[in-house]
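Summary of structural features
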Amino acid sequence: MDLRIFTEPQQGATYDTLLTVAKATEDLGFDAFFRSDHYLKMGNVDGLPGPTDAWITLAGLARETKRIRLGTLMTAATFRLPGVLALQVAQVDQMSGGRVELGLGAGWFEEEHRAYGIPFPKEKFARLEEQLAIVTGLWQTEVGKTFGFHGTYYDLTDSPALPKPAQAKVPVLIGGHGATRTPRLAAQYADEFNIPFASLEDSERQFGRVRAAAAEAGRAADSLTYSNALVACVGKDDQEVARRAAAIGREADELKINGLAGTPDEVVDKIGRYAEIGASRLYLQILDLDDLDHLELISSRVQSQLA
């Protein structure tokens, strides 16, 4: 089971804070550092000092880390034109030496679009489908040839399809709870399918849908990686779990049901149940980015049992 650290910087984090967490992620042996792609805080937090851009952050981290994978859960297709996004991701992949992964979703948070003057179209999923075709098509076009796409929402003519990523194929993540279109899109484009903040039962059901969609598309179901994103709240004992839960405005008992919360042994047991339904990767949502002892505990007492 791969463990990846997943942050929500729109809730309040500077680049320096994210760099500190990314370096701890690397030093403590985690597989990857991922971040959300949002421009507006959510819930009862001040969000200070304000948002940071996902791909600018990852570009910086690409030059200041050496081993960990870097990516987004999920970049909003509404935020960037697909040609520009393909260029940005390819450049960050080059800057990292080939360690980037692209999580791409339709976009959903209308309020942040209004706050920053970003159009929030009605036809988001159809746009996402065209974006996936364009981004992957640009990367796959041979050097010296051109790429064209003429869709309902985007039109590219004689694109040189440059630059190329360092990796022969940048892994693409698609995720969500949708019962029909999401599995179909994952079967067509994804290297990894991720379901965020879902129960074991809901995760197993959705993984099954993706597997069925892959089979229908003539693709081996096991050619995709299946993953979950879950809030993490681990403590040496119940008192420490409760303290960490309170620090992020949650209740420990609720997190034990809906997240990965409890003592290390409790969390290892729950991770095992996610592994039984087919998950081979977990994104641990870390909401208190100043609590580096939390990462150390997960590394030494949880990750060590999974090795």
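Residues numbered from 1 in each chain as written. Predicted model: local features only at pLDDT ≥ 70, side-chain atom pairs only at ≥ 80, totals over all residues. Heavy atoms only, no water.

1. Re the overall build of the protein
- Secondary structure assignment for the protein yields eleven helices and twelve strands.
- Its C-alpha atoms give the protein a radius of gyration of 19 Å, within 12% of the compact-globule value 19 Å for 307 residues.
- Principal axes of the C-alpha set define a box for the protein whose edges measure 60 × 45 × 35 Å.
- Looking at the 307 residues of the protein, the share that counts as buried comes to 55%.
- Taking as baseline every contact in the protein between residues at least 6 positions apart, the subset at least 24 positions apart corresponds to 73%.
- Accessible surface, the protein as shown: approximately 13500 Å² in total, 50% of it carbon and sulfur.
- Taking the average location of the 32 positive side-chain charges in the protein and that of its 43 negative ones, the two points are 4 Å from each other. (Helix = DSSP H or I, 4+ residues; strand = E, 2+ residues; numbered from the N terminus. Rg over C-alpha atoms; globule rule 2.2 N^0.38 Å. Buried < 20%, exposed > 50% of the residue type's maximum accessible area, 1.4 Å probe, protein only. Contact = heavy atoms within 4.5 Å. Areas by Shrake-Rupley, 256 points an atom, 1.4 Å probe, with all protein chains shown as cover. Lys, Arg positive; Asp, Glu negative; His and termini not counted. Charge placed at Lys NZ, Arg CZ, Asp CG, Glu CD.)

2. As for the pattern of salt bridges
- Tallied over the entire structure, the rule returns 22 salt bridges.
- For the salt bridge of R4 with E101, the shortest nitrogen-to-oxygen distance reads 2.9 Å. You can see R4 sitting in strand β1 (residues 2-7) and its partner E101 sitting in strand β5 (residues 100-105), a full 97 residues away along the chain.
- A relative accessible area of 1% means that R4 is categorised as buried.
- Among the residues examined, E101 registers a relative accessible area of 4% and is labelled buried.
- Among the salt bridges present, the one from K256 reaches D238, with a minimum N-O distance of 3.5 Å. In this pair, K256 is assigned in helix α9 (residues 252-258) and D238 in helix α8 (residues 238-247), connecting sequence segments 18 residues apart.
- Through salt bridges with shared partners, one network takes in K236, E240, R243, R244 and D291. (Salt bridge = Lys/Arg side-chain N within 4 Å of Asp/Glu carboxyl O.)

3. Description of the layout of surface pockets
- Of the pockets and cavities examined, the largest pocket occupies roughly 1300 Å³.
- Lining the largest pocket we find 48 residues, and of these E8, H38, M42, F197 and Q285 sit closest to its centre.
- Where the lining of the largest pocket is concerned, the elements lending two or more residues are β4 (75-76), β5, α5 (124-140), β8 (172-175), β9 (192-196), β10 (225-234) and β12 (281-286).
- Counted by class, the lining of the largest pocket contains 22 nonpolar, 20 polar and six charged residues.
- Taken as a whole, the second largest pocket spans an internal volume of roughly 190 Å³.
- In terms of lining residues, the second largest pocket is bounded by T136, W139, Q140, K164, P165, Q167, A168, K169, V170, V172, Q188 and Y189.
- Secondary structure elements with two or more residues in the lining of the second largest pocket: α5 and α6 (181-189).
- Per-element tally for the lining of the second largest pocket: the top contributor is α5, with three residues.
- Taken together, the residues of the lining of the second largest pocket break down into six nonpolar, four polar and two charged. (1 Å grid on protein atoms, 1.4 Å probe; cavity = no way out; pocket = protein on both sides within 12 Å on 5 of 7 lines; lining within 4 Å. Points joined across faces, edges and corners; volume = space filled by probe spheres on them. Nonpolar A, V, L, I, M, F, W, Y, C, P; charged D, E, K, R; others polar.)

4. Some words on empty space enclosed by the protein
- Across all of its chains, the model carries two cavities of 30 Å³ or more by this definition.
- Counted as a void, the largest cavity has a volume near 70 Å³.
- Taken together, A232, R244, A247, I248, I286, L287, D288, D291 and H294 make up the full set of residues lining the largest cavity.
- Grouping the constituent residues of the lining of the largest cavity by class yields five nonpolar, one polar and three charged.
- Here the second largest cavity is characterised by a volume of approximately 40 Å³.
- Looking at the second largest cavity, the residues that line it are L3, A232, V234, L260, V267, I271, L284, I298 and V302.
- Put simply, the parts of the chain that give the lining of the second largest cavity at least two residues each are β10, α10 (264-276) and α11 (292-306).
- Residue composition of the lining of the second largest cavity, grouped by class: nine nonpolar, no polar and no charged.

5. What to know about the packing of α6 against helix α7 (residues 200-216)
- For the pair α6 and α7, interaxial distance at closest approach is 8 Å and the crossing angle is 55°. Taken together, α6 and α7 sit at an angle that is classed as oblique. For the pair α6 and α7, the sense of crossing is right-handed. Contact with α6, carried on its side by T182, P183, R184, A186 and A187, involves Q206, R209, V210, A213 and A214 of α7 and no other residues of that element.
- Residues of the contact of α6 with α7, tallied by class, amount to six nonpolar, two polar and two charged. (Axes fitted to C-alpha atoms, helices over the stretch in contact; angles between N-to-C directions. Parallel < 35°, antiparallel > 145°, perpendicular 65-115°, else oblique. Left-handed = near helix turned anticlockwise from the far one by under 90°.)

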